[in-house]
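# What the coordinates show
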Amino acid sequence: MCSVGTESSTLPAATRSLWRAYLELTKPKVVALLVFTAVVGMFLATPGMVPWNVLVFGALGIWLAAACAAVINHVLDRRADAHMARTERRPLPTGSVGVPQSLVFAAILGVTSMAILITQINGLTAVLTLASLVGYAGVYTAYLKRATPQNIVIGGAAGAAPPVLGWTAVTGSLDAHALLLFLIVFVWTPPHFWALAIHRVEDYARADIPMLPVTHGVAFTRVQILLYTVLLVAVSLLPYVTQMSGPVYLVGAVLLGGGFLYYALALRFSARPDLPMRTFGYSITYLMALFALLLVDHYLPR
């Protein structure tokens with residue numbers, strides 16, 4: 001009696017644990033940020049409201065594709081992840097989920113994503129989403145990540161695609177303003193990720209991944225973060241310069257950029273051990289707030 005009761009009570013817990021492992025494979029927090037920028041791209045693409053079916057199916061298709069890329073990233077990085085404190089508890093290094101199961105899961109996510117985007121959105125968005133998926137999972141993870149210390153700069157193009165995907169989901173065509181959103185995320189990616197790489201430099205060295213602080217040193221990387229942050233602040237003003245956004249966005253972008261510059265300067269001239277992760281954390285807040293400002297400003301009367 002007791003043994004049966006104990007066994008039946010542990011089954012739901014085991015099931016929940018397995019579901020959490022599969023969810024972790026999709027990198028939900030990272031994907032949520034990507035989908036948020038895609039949704040903002042949708043709203044910026046139209047002066048009115050986004051049709052509900054485009055909003056729902058477009059966001060779902062992009063989310064599934066990003067989740068698919070994340071799962072493939074887990075599979076390809078599983079051996080390196082086992083040597084890094086930040087990633088050693090991920091599902092594949094711990095054996096919570098196997099490689100075959102992960103690949104089947106990725107295939108289901110990817111095929112479902114393409115089916116939704118082709119049938120419910122448009123062909124251009126499906127093609128660009130597929131290119132972004134291949135760029136991140138195939139080009140960046142499988143090759144660039146271990147080939148060059150500029151891996152995150154080049155590979156950042158895949159992560160910068162979601163706002164463009166959101167835009168094309170609404171319009172069915174590319175636009176200069178959509179590419180401007182791409183440029184903001186593209187320039188944001190290096191200072192964002194290099195701050196984390198500084199904090200985890202020993203992990204990356206142990207895993208033999210040539211991140212910039214491993215190959216060129218932490219001091220050099222700090223300078224690069226500052227230079228890219230200056231460039232990012234300049235790029236973030238372009239929506240106002242091109243009349244895509246108004247003064248509310250301009251004020252917010254300047255204030256947010258000032259905060260990023262503060263962290264980049266502090267990181268450059270101080271050896272405080274907490275600064276890399278504080279900079280990394282602020283960079284996430286910065287991007288979310290900047291795109292939120294773009295969305296709010298878009299619907300303010302001019």
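Residues numbered from 1 in each chain as written. Predicted model: local features only at pLDDT ≥ 70, side-chain atom pairs only at ≥ 80, totals over all residues. Heavy atoms only, no water.

Within the structure shown, the criterion is met by seven salt bridges. A salt bridge links D77 to K145; the nearest nitrogen and oxygen atoms lie 2.5 Å apart. One end of the pair, D77, is in the loop between helix 3 (52-76) and helix 4 (78-81); the other, K145, is in helix 7 (residues 123-147), with 68 residues separating them in the sequence. In this structure, R146 and D77 form a salt bridge, with 2.7 Å as the shortest nitrogen-oxygen distance. With R146 in helix 7 and D77 in the loop between helix 3 and helix 4, the pair connects residues that are 69 residues apart, well separated along the chain. Among the ionic contacts, a cluster of salt bridges with common partners joins D77, K145 and R146. (Salt bridge = Lys/Arg side-chain N within 4 Å of Asp/Glu carboxyl O. Helix = DSSP H or I, 4+ residues; strand = E, 2+ residues; numbered from the N terminus.)

The subject of this paragraph is the packing of aromatic side chains. For the structure on display, the rule yields eleven aromatic pairs. Their ring planes at 75 degrees and their centres at 6.3 Å tell us that F43 and Y299 sit as a pair that is edge-to-face. Here F43 is found in helix 2 (residues 28-44), whereas its partner Y299 is found in the segment after helix 16 (275-298), with 256 residues between them in sequence. A relative accessible area of 13% means that F43 is categorised as buried. (Phe/Tyr/Trp six-rings, centres within 6.5 Å; stacked < 30°, edge-to-face > 60°. Buried < 20%, exposed > 50% of the residue type's maximum accessible area, 1.4 Å probe, protein only.)

Our next topic: the packing of helix 8 (residues 151-159) against helix 10 (residues 176-199). The N-to-C vectors of helix 8 and helix 10 enclose an angle of 130 degrees; their axes lie 9 Å apart at closest approach. The pairing of helix 8 with helix 10 is recorded here as oblique in orientation. Read as a crossing pair, helix 8 and helix 10 show a hand that is right-handed. Facing I152, V153, G156, A157 and G159 of helix 8, the residues of helix 10 in contact are F182, V185, F186, T189, P190, F193 and W194. Looking at the contact of helix 8 with helix 10 residue by residue, the class counts come to nine nonpolar, three polar and no charged. (Axes fitted to C-alpha atoms, helices over the stretch in contact; angles between N-to-C directions. Parallel < 35°, antiparallel > 145°, perpendicular 65-115°, else oblique. Left-handed = near helix turned anticlockwise from the far one by under 90°. Contact = heavy atoms within 4.5 Å. Nonpolar A, V, L, I, M, F, W, Y, C, P; charged D, E, K, R; others polar.)

Turning our eyes to something else, we now look at the confidence of the model for the chain. Taken over all residues, the pLDDT of the chain has a mean of 92, while the share at 70 or more is 95%. Averaged pLDDT values over the elements of the chain bottom out at 67 in helix 1 (residues 2-25) and peak at 98 in helix 9 (residues 162-171). In this model, residues 1-9 is a region of pLDDT below 50 whose contacts with residues beyond four sequence positions or in other chains number zero contacts. (pLDDT = per-residue confidence, 0-100.)

Time to look at the nonpolar core. The biggest cluster of nonpolar side chains holds 53 residues, and the ones touching the most others in it are W188, Y286 and F291. Only helix 2, helix 7, helix 8, helix 10, helix 13 (218-236), helix 15 (247-269) and helix 16 provide two or more residues apiece to this core. Top element by residues in this core is helix 10. It accounts for 13 residues. In contact with W188, not counting residues within four places along its chain, are L33, L232, F260, S283, I284, Y286 and L287. (Core = buried A, V, L, I, M, F, W, Y, C linked by side-chain atoms within 4.5 Å.)

Relative orientation of the contacting elements helix 9 and helix 10 amounts to 160 degrees, with a least axis distance of 8 Å. Accordingly, the angle class assigned to the pair helix 9 and helix 10 is roughly antiparallel. Judged by the twist between their axes, the crossing of helix 9 over helix 10 is right-handed. Facing P163, V164 and W167 of helix 9, the residues of helix 10 in contact are H177, A178, L181, F182 and V185. Taken together, the residues that form the contact of helix 9 with helix 10 break down as seven nonpolar, one polar and no charged.

Further remarks concern unusual backbone geometry. In this structure, K27 takes a positive phi of about 50 degrees despite not being glycine. Checked against the element boundaries, K27 lands in the loop between helix 1 and helix 2. Here the phi dihedral of Q243 falls at roughly 65 degrees; this positive angle occurs in a residue that is not glycine. Mapped onto the secondary structure, Q243 falls in the loop between helix 14 (238-241) and helix 15.

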